[in-house]
Amino acid sequence: MSVENSLKQQMLNAIPHLRAFAISLSGSVDKADDLVQSTLLKGLSNFDKFQPGTSMQAWLFTILRNDFLTQTRRRKREVEDPEGSWAEKVAVMPDQGARLDFTDMLKALSKLPVDQREALLLVGAEGLSYEDAARICGTNIGTIKSRINRARNRLSEILKLDADRDLGPDKLVKAALFMHASP
């Protein structure tokens, strides 16, 4: 019998011992069988790492134990949710629409005259008061308000916005809110 066949026979002989050890660790015959199967597959795929002359059973027990501990740590981070009640409450809206909207907004902003873009960004994006924006731009409040108004109107034209349809929650958000509010 070749050395490799002898080692494989040692693996086969270790199966009942591995199974008993796995049952004692997991407390479940089904989980134990999965652990033993995983151990044997890992043992075969790492056969070249086994050092002849050492105990095959001890080597396989180490693999089984490490696999069990890894699975246990992984399960600690998971939340059991067999009926999906937690998953149904946790919702993450897709962000691709927001990214596309943001890209469109940047393109539209670049088409505005510099004075309008500057006024709109100072007040709308930076949250400065009209007075502070006027001071920064070296003009009066009325001019800032006018620039912002023209900038908003121009952005609406460029982006082809319809206030009734495009402002506020989109169809996806409305549907999610409706489903969440329904009993």
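Bear in mind that the values here come from a model prediction, so they are computed numbers and not experimental data. (Residues numbered from 1 in each chain as written. Predicted model: local features only at pLDDT ≥ 70, side-chain atom pairs only at ≥ 80, totals over all residues. Heavy atoms only, no water.)

**A word on the side chain of Gln-116**
And then number 1: Mapped onto the fold, Gln-116 is located in helix α6 (residues 114-125).
And then number 2: By relative accessible area, which is 10% here, Gln-116 ends up buried.
And then number 3: In this structure, Gln-116 is in contact with Arg-147, Arg-150 and Ala-151, ignoring residues within four places of it in sequence. (Helix = DSSP H or I, 4+ residues; strand = E, 2+ residues; numbered from the N terminus. Buried < 20%, exposed > 50% of the residue type's maximum accessible area, 1.4 Å probe, protein only. Contact = heavy atoms within 4.5 Å.)

**Description of the pattern of salt bridges**
And then number 1: Inspection of every chain in the model, using the stated rule, returns five salt bridges.
And then number 2: Its salt-bridge partner being Arg-19, residue Asp-33 comes within 2.5 Å of it at the nearest N-O pair. Placement of Asp-33 in helix α2 (residues 29-45) and of Arg-19 in helix α1 (residues 3-26) is noted, with a sequence separation of 14 residues between them.
And then number 3: The closest approach of N and O atoms between Arg-147 and Asp-115, which form a salt bridge, is 3.5 Å. Here Arg-147 is found in helix α8 (residues 141-159), whereas its partner Asp-115 is found in helix α6, with 32 residues between them in sequence.
And then number 4: With relative accessibility at 15%, the residue Arg-147 sits in the buried group.
And then number 5: On the basis of relative accessible area, Asp-115 is assigned to the partly exposed category, the value being 29%. (Salt bridge = Lys/Arg side-chain N within 4 Å of Asp/Glu carboxyl O.)

**Examining the packing of aromatic side chains**
And then number 1: The final tally for this structure, using the stated rule, is two aromatic pairs.
And then number 2: Here the aromatic rings of Phe-21 and Phe-61 are separated by 4.8 Å at their centres, their planes lie at 0 degrees, and the arrangement is stacked. Highlighted residues: Phe-21 in helix α1 and Phe-61 in helix α3 (residues 56-77), separated in sequence by 40 residues.
And then number 3: Seen from the ring of Tyr-130, Lys-145 lies directly overhead, with NZ or CZ sitting 5.4 Å from the centre. (Phe/Tyr/Trp six-rings, centres within 6.5 Å; stacked < 30°, edge-to-face > 60°. Lys NZ or Arg CZ within 6 Å of the ring centre and 35° of its normal.)

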